[in-house]
Each structure stands twice: as structure tokens, then as C-alpha cells.
Amino acid sequence: MITLLVNVAGIALICLIIWWFWFSRSHANTIKIVNLIEIRVKDGIYQPSNIEAKINHPITLRFIRDDASPCAETVVFHSLNISKQLPLHQPVDFSLNIKKAGVYEFTCQMGMYRGKLTVN
Ligand SMILES: [Cu+2]
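Quick caveat, the model's predicted, so the values are computed rather than measured.

Peer 1: Quick rundown of the sheet that holds strand β8 (residues 102-107)? Include the residues and the values.
Peer 2: Taken in spatial order, the 5 strands of this open sheet run β3-β9-β8-β5-β6, and their pairing is mixed. Each edge of the open sheet carries a strand with a single partner, namely β3 (50-53) and β6 (82-85). For this sheet, the mean inter-axis angle between neighbouring strands, taken without regard to orientation, is 20°. In this structure, strand β5 (residues 74-77) lies alongside β8, joined through 2 bridges in antiparallel fashion. Counted as the bridge partner of Val-76 is Thr-107 from β8.

Right under this line is the structure:
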């Protein structure tokens, strides 16, 4: 009877150790899912220019400007009230987490470059 109890306790302990290692490992390896989308600014267009995102999900739009013309210099998200300057060939991130469904347009300051972020 005592040996049985010891065996049960031993097995339980082994399970606990395995579970603990598995749990702590999987915990340490947790990956934060982040949507990163790279947008090239070139030849008068944003590429890609139609982007989809989910409500309440973080998304990062990384703009890389390859167009030297001053037209491409600024990206404006009108309805979000955000704008950023794009230095040539340097990534500029917009990290967004939009709480409301809709179509969010982004353009250069003169509205020649155009793109939209659709949030559902
Ligand atoms: Cu422009």
C-alpha cells in the first residue's frame, strides 16, 4: 500500500515537473503576433496601397520612401490625425490599433500618393 502511494506520488511529481518545464518553456517562447506591413513609396504609388486590418489588433505599417521628390515626403492619416515625415530609404513605422471599423485613407500631403487601410 505504501509503495503504491510512493509510486503514485512519484508519477505525479514527474508529471508536475514535465508540465512545469513545458509550461515555462512555452511561456518563454510566447510570440506576440504583430502584423507588419511594408509599404514602398515609389513612382507615385504606395505599394501595397490597399491594406486590411482587424479591429483591436495591432498593425504596423512600415513606410519606406524610395521616391526623392518632395511630394512623397509626408504620409498623412487624415481621420486618425497622424502624419509623419519619411526620410529617403529609411523605414518609418506607424503602429496602429484601430478600435473602429472603417476605411482609413492615407495620402501624401498633396493627396497624390493614395492608399487605404480597411479595418473590419
Ligand atoms: Cu504628394
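From this point, the discussion proceeds with the structure in view.
Peer 1: Give a detailed account of the coordination of the copper ion, specifying residues and quantitative values.
Peer 2: For a metal with four donors in a tetrahedral arrangement, the ideal angle between donors is 109.5 degrees, while six donors in an octahedron ideally sit at 90 or 180 degrees. Surrounding the copper ion are the protein donor atoms Cys-71 (SG) and Cys-108 (SG), which sit 2.1 to 2.2 Å from the metal. With Cys-71 in the loop between β4 (59-65) and β5 and Cys-108 in the loop between β8 and β9 (114-119), this pair connects stretches of sequence that are 37 residues apart. Accessibility classification places Cys-71 together with Cys-108 in one group, the buried group.

Peer 1: So, the pairing of strand β1 (residues 35-42): which residues are in play, and what are the values?
Peer 2: Across a regular strand the side chains alternate sides, sitting on one face of the sheet and then on the other. Here β1 runs beside β4; their pairing, made up of 7 bridges, is parallel. Bridge pairing in β4 links Asn-35 to Ile-59. Two elements, β1 and strand β2 (residues 45-47), share 3 bridges in a ladder whose sense is antiparallel. Along β2, the bridge assignment pairs Val-41 with Tyr-46.

Peer 1: Can you tell me about the pairing of β6, naming the residues and giving the values?
Peer 2: Relative to β6, β5 runs antiparallel, the two sharing 4 bridges. Its bridge partner being in β6, Val-76 is matched across the sheet by Ser-83.

Peer 1: Got a sec to walk through the nonpolar core? Specific residues and values, please.
Peer 2: Core analysis: the biggest nonpolar cluster contains 23 residues, and Tyr-46, Leu-61, Phe-63, Phe-77, Phe-106 and Leu-117 have the highest contact counts within it. For this core, the elements supplying multiple residues, two or more each, are β1, β3, β4, β5, β7 (92-96), β8 and β9.

Peer 1: I'd like to hear about the packing of aromatic side chains, residue by residue, with values.
Peer 2: For the structure shown, the criterion picks out 8 aromatic pairs. Relative to Phe-94, the ring of Phe-77 has its centre 5.1 Å away and its plane inclined at 45°; by these criteria the two rings are tilted. Residue Phe-77 is found in strand β5, and its partner Phe-94 is found in strand β7; the two are separated by 17 residues along the sequence. The same class applies to Phe-77 as to Phe-94, namely buried. In textbook terms, an aromatic cluster arises when at least three aromatic residues are bridged by ring pairs, as seen for Tyr-46, Phe-63, Phe-77, Phe-94, Phe-106 and Tyr-113. Against the face of Phe-94 rests Lys-84, its NZ or CZ located 4.9 Å from the ring centre.

Quick notes on the rules
Residues numbered from 1 in each chain as written. Predicted model: local features only at pLDDT ≥ 70, side-chain atom pairs only at ≥ 80, totals over all residues. Heavy atoms only, no water. Pairing = 2+ DSSP bridges. Helix = DSSP H or I, 4+ residues; strand = E, 2+ residues; numbered from the N terminus. Axes fitted to C-alpha atoms, helices over the stretch in contact; angles between N-to-C directions. Donors = N, O, S within 2.8 Å, 3.2 Å for Na, K, Ca; no water. Buried < 20%, exposed > 50% of the residue type's maximum accessible area, 1.4 Å probe, protein only. Core = buried A, V, L, I, M, F, W, Y, C linked by side-chain atoms within 4.5 Å. Phe/Tyr/Trp six-rings, centres within 6.5 Å; stacked < 30°, edge-to-face > 60°. Lys NZ or Arg CZ within 6 Å of the ring centre and 35° of its normal.

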